[in-house]
Amino acid sequence: MTFGALLRLVKLSVRRDVRGALSSVFGVSIGIAALVFFVALGLGIGRVVREKVFPLDAQLVEVVPSQITLGSILGGGKIDQDTFERLRALPGVTAAYRKMNVRVPAVSRYDGDFFGTRLHMGLEVLAVGVDPELVKNDVLMGDFKDPAEGQPVPAIVASRLVDIYNNSFAPNRGLPRLSASLAAGFQFPVEFNRSFVVATRPGPVTAATLQLVGASDRGILAGLTIPLDTAVRLNKASGVDFETFSGVTLQADGPSRVPELVAHVKEMGLKVDEQERRWAENAGAAVLLTTGALALLSLLICLLAAVNIAHALSASVRVRAKELGIMRAVGASKRDVRALIFAEAAVLGAVGGAVGAALAIAASYGLDALALSHLPQFPFKPDTFFFIPPWLPLAGVGLGVLASLAGAWWPSRDAAGIDPARTLAG
Amino acid sequence: MISARGLRRSFSDGEGGALTVLDSADLEVAAGELVAVMGRSGSGKSTLLHILGGLDSQYQGDVNVAGVSLRGLSDTALSRFRNGTVGFVFQSFHLVPGLNALENVALPSFFGASGGDARAALERVGLSHKASRQPSQLSGGERQRVAIARALYARPKVLFCDEPTGNLDAATGAEIIALFESLNAEGLTVLAVTHEERVSRAAKRVLRLESGKLVPA
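Residues numbered from 1 in each chain as written. Chains lettered and ligands numbered in written order. Predicted model: local features only at pLDDT ≥ 70, side-chain atom pairs only at ≥ 80, totals over all residues. Heavy atoms only, no water.

Asker: I'd like a rundown of the overall build of chain A, residues and numbers included.
Answerer: For chain A, the count of helices and strands is 14 helices and 11 strands. Taken against the 2.2 N^0.38 rule, which gives 22 Å for 426 residues, the C-alpha radius of gyration of chain A at 33 Å runs more than 25% over that of a compact globule. Along the first, second and third principal axes, the C-alpha atoms of chain A reach 115 × 55 × 35 Å. Every one of the 426 residues in chain A was classed for burial, and the buried ones make up 46%. Surface accessibility of chain A: about 21,200 Å² in total, with carbon and sulfur atoms responsible for 62%. Charge centroids of chain A, computed over 41 positive and 36 negative side chains, lie 12 Å from each other. (Helix = DSSP H or I, 4+ residues; strand = E, 2+ residues; numbered from the N terminus. Rg over C-alpha atoms; globule rule 2.2 N^0.38 Å. Buried < 20%, exposed > 50% of the residue type's maximum accessible area, 1.4 Å probe, protein only. Areas by Shrake-Rupley, 256 points an atom, 1.4 Å probe, with all protein chains shown as cover. Lys, Arg positive; Asp, Glu negative; His and termini not counted. Charge placed at Lys NZ, Arg CZ, Asp CG, Glu CD.)

Printed below as a string of structure tokens:
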């Protein structure tokens, strides 16, 4: 049978039972709409987790000293300049960045204007020094380097901290919301080797002014990221360790090289800080599990749609037995008759799938608009909760067709099994 | 043109037994003949037609139609045979609702028949002016003419007619019979099974199906 003839007969069949066809299309569209909607929601939430909550770079490996190792007993396990050079020389490493905590406590006491609001605060400050190259792309003003005497120290905040501040702290305290570019340039005093809560070191208190110069995913979450040389200078001035590093960030030349790199690092008696990655994986797994459960529910709806189509087509085959019989009499083979029933199902499935995918996309836009206008601000609140890659609606249409074809399996067998001699007699 | 030897066909009688409607039936029809097969209801006339036309393959014996031996042909091969070599006309017309007259005539082309001219076939049965009518908009006689045009579409070698005037009044039936005579005069072999005398009167040869066997009337 030619494709054109097949289409003509399918059109005829659909036109003759518009209600039945609509019922089948409705069933498929509901199942596909639910599936596309929930998968898009899962992908969207997953993307928020990956990009906003735990923004991990798959090519970065965080190396930290091992707390208890045979190496540390023998004097190893620490990361000094020699160890750093060895790490940098590992195969597959394209760049390495040192990190050093400011090893004395620090506080900030601020009393003044804060973007148009009077701010009076005192808080403990954590700071870590990093090689400037690590954050160079996020620096919005000046050079990220240890400043000359009397000049402010450039500092970077974590993008996530800005998000938490904007969506949780600022609204509760009546403070203005800030963007990285707006906050850049803000200066505040910090006293190193001073604390409200812990004992300080015997060394002197160093007063400094910090100036925000940007926000970065590579900055530490609960504190400030400053130039490495500044951290070395402050530690030296306070009489604490200024020669070993708190950690090293290695950049692999591809995500596939990371496992090999991790193995090399462990062979050196060092540890890879995988806590953040584990959190991200756990959150990702939770999203995947929830999405999977909802997708399964949607597949169940698709299954019911397939059963509905099976019923509808079975009834249609019974009603059209004489018509199918005459087709057989004028030359239709059993295969032609099966193809006809399958084609009818495929058309219903494709239309149902397309309608379902369109419904899901419309619902996602509607829900995003509702969330934007009705949901309160909260940390990491995304602009959209959904991610609809081009393959998703197409897969929805494909699944609709598949479900319909599955539903057409038995009716097509029944149709092909029609005995034209018996059907046309009398 | 048609040769059947030792045809035997039985059906289940629903009570565990078998009902034999054809029992060693033999038939020979020459090219260009118009043959009528008569018999009472249930005598196996339609079954004979279905076997000869390749609609029923559950029989014993040998059948050769227009040089094609039907024994053991696959479903696809039998379908091709029905599509191009023979044509059927049924008592109940069996037009496809939703397709207009012209499309109904061209139905065999949906399944492979090529080279046919649906409009010419409609012209031949005198209905070219009603090509776009739906079956429901045609009278009984007109529907049967459309069914005959459909049977003629692929220029078959044999036309099988199953009670072709059974649902028609006397005048319309006479017109249809005249059409068969005309087609036969043009060289088409026609085999009609009927219980109506008016059809058999038009036939050049009449056979009677009795006790599963074909005998001259």
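The structure having been displayed, the exposition proceeds.
Asker: So what about the sheet that holds strand 3 (residues 106-114) of chain A? Which residues, and what values?
Answerer: All names here are of chain A. Read from one edge to the other, the open sheet built from 11 strands follows the order 4-3-7-8-6-9-5-2-10-1-11, with strand pairing classed as mixed. This sheet does not close on itself; its edge strands, each paired only once, are strand 4 (117-125) and strand 11 (271-272). Pairing of strand 7 (residues 187-192) with strand 8 (residues 206-216), which is carried by six bridges, proceeds in the antiparallel orientation. Opposite F192, over in strand 8, you have T206 as the bridge partner. In the packing of helix 5 (residues 159-173) onto the sheet, contacts are made with strand 3, strand 6 (153-158) and strand 8, and the angle to strand 6 comes to roughly 70°. Across the sheet, helix 7 (residues 228-237) is in contact with strand 2 (93-101), strand 5 (127-130), strand 6, strand 7, strand 8 and strand 9 (224-227); its angle to strand 9 comes to roughly 90°. (Pairing = 2+ DSSP bridges. Contact = heavy atoms within 4.5 Å. Axes fitted to C-alpha atoms, helices over the stretch in contact; angles between N-to-C directions.)

Asker: How would you explain the interface of chain A and chain B if you had to name every residue and give the values?
Answerer: At the interface, 27 residues of chain A touch 24 residues of chain B. Among the residues of chain A in contact with chain B, A:R8, A:I326 and A:V330 are the three that bury the most area, contributing 24% of the side total. On inspection of chain A and its partner chain B, the count reaches two salt bridges. Taking the shortest distance from any N to any O, the salt bridge between A:R328 and B:D75 comes out at 3.0 Å. Those elements that place two or more of their residues in the side of chain A that touches chain B are helix 1 (3-16), helix 10 (321-329), helix 11 (334-374) and helix 14 (420-424) of chain A. Its residues assigned to classes, the side of chain A that touches chain B shows 13 nonpolar, four polar and 10 charged. (Buried area = accessible area lost by both parts, 1.4 Å probe. Salt bridge = Lys/Arg side-chain N within 4 Å of Asp/Glu carboxyl O. Nonpolar A, V, L, I, M, F, W, Y, C, P; charged D, E, K, R; others polar.)

Asker: Run through the packing of aromatic side chains, naming residues and quoting values.
Answerer: Within a pair of aromatic rings, the relevant descriptors are the distance that separates the centres and the angle that separates the planes. Residues and elements named next belong to chain A. Scanning the entire structure with this criterion turns up 14 aromatic pairs over all chains. Chaining the aromatic ring pairs together yields one cluster made of Y110, F114, F115, Y165, F169, F186 and F188. One cation-aromatic arrangement involves R98 over F84; the distance from NZ or CZ to the ring centre is 5.1 Å. Across the ring face of W409, the terminal group of R338 is positioned such that the distance to the ring centre comes to 4.7 Å. (Phe/Tyr/Trp six-rings, centres within 6.5 Å; stacked < 30°, edge-to-face > 60°. Lys NZ or Arg CZ within 6 Å of the ring centre and 35° of its normal.)

Asker: With reference to specific residues and values, describe helix 7 (residues 170-185) of chain B.
Answerer: Residue and element names in this part refer to chain B. With 16 residues, helix 7 ought to run about 22 Å at 1.5 Å a step, and its terminal C-alpha atoms sit 22 Å apart, in line with that. Among the residues of helix 7, those classed as buried are T172, G173, I176, I177, L179, F180, L183 and N184. Mapping the buried residues of helix 7 onto a view down its axis gives an arc of 150°, with all of them on the same face. Exposed side chains of helix 7 directed beyond 90 degrees from the buried face belong to A170, A171 and A185. By the N-cap criterion, in which a side-chain oxygen at the helix start approaches the backbone nitrogen of a residue two or three places on, helix 7 is capped by D169, the distance to A171 being 3.2 Å. Two residues or fewer past helix 7, G187 is found with a positive phi of approximately 110°. (Expected span 1.5 Å × (residues − 1). Arc of directions from axis to C-beta. Polar contact = N/O pair within 3.5 Å; in protein donor to acceptor, adjacent residues only side chain to side chain.)

Asker: Provide a residue-level description of the environment of A:I388, including the pertinent values.
Answerer: All names here are of chain A. Mapped onto the elements, I388 comes out in the loop between helix 11 and helix 12 (391-407). Separated by 344 residues in the primary sequence, I388 and G44 have C-alpha atoms spaced 7.8 Å apart. Ignoring anything within four residues of it in the chain, the contact list for I388 reads A40, I361, S364 and P393.

Asker: Residue-level account of the pattern of salt bridges, with values.
Answerer: Residues and elements named next belong to chain A. For the structure shown, the criterion picks out 24 salt bridges over all chains. In this structure, R109 and E191 form a salt bridge, with 2.9 Å as the shortest nitrogen-oxygen distance. Taken together, the residues R109 in strand 3 and E191 in strand 7 connect sequence positions 82 residues apart. For R109, a relative accessible area of 42% gives the class partly exposed. With its nearest N and O atoms 2.7 Å apart, the salt bridge here joins R194 to E191.

Asker: If you had to explain helix 2 (residues 75-84) of chain B to someone new, which residues and values would you point to?
Answerer: Owing to its 3.6 residues per turn, the α-helix aligns residues three or four sequence positions apart on the same side. Here helix 2 of chain B has its buried residues at B:A77, B:L78, B:S79, B:F81, B:R82 and B:N83. Summarising the contacts, the buried residues of helix 2 of chain B are in contact with helix 10 of chain A together with helix 1 (45-52), strand 4 (60-65), strand 5 (68-69), strand 6 (86-89) and helix 4 (107-110) of chain B.

Asker: Now, about the domain arrangement of chain A: what can you tell me, with residues and values included?
Answerer: Residues and elements named next belong to chain A. Split by domain assignment, chain A resolves into domain 1 (3-54 + 280-424) and domain 2 (93-252). Here the C-alpha centre of domain 2 lies 54 Å away from the C-alpha centre of domain 1. Taken together, the contact between domain 1 and domain 2 spans eight residues of the former and six residues of the latter. Among the residues domain 1 hides against domain 2, the three largest losses belong to Q377, P379 and F380. Together they make up 68% of the total. Between the two partners, domain 1 and domain 2, sit zero salt bridges. Our enumeration of links across domain 1 and domain 2 arrives at zero residue pairs in polar contact (both at pLDDT 80 or more). When the residues that make up the side of domain 1 that touches domain 2 are grouped by side-chain class, the tally is five nonpolar, one polar and two charged. (Domains from an automatic or database assignment.)

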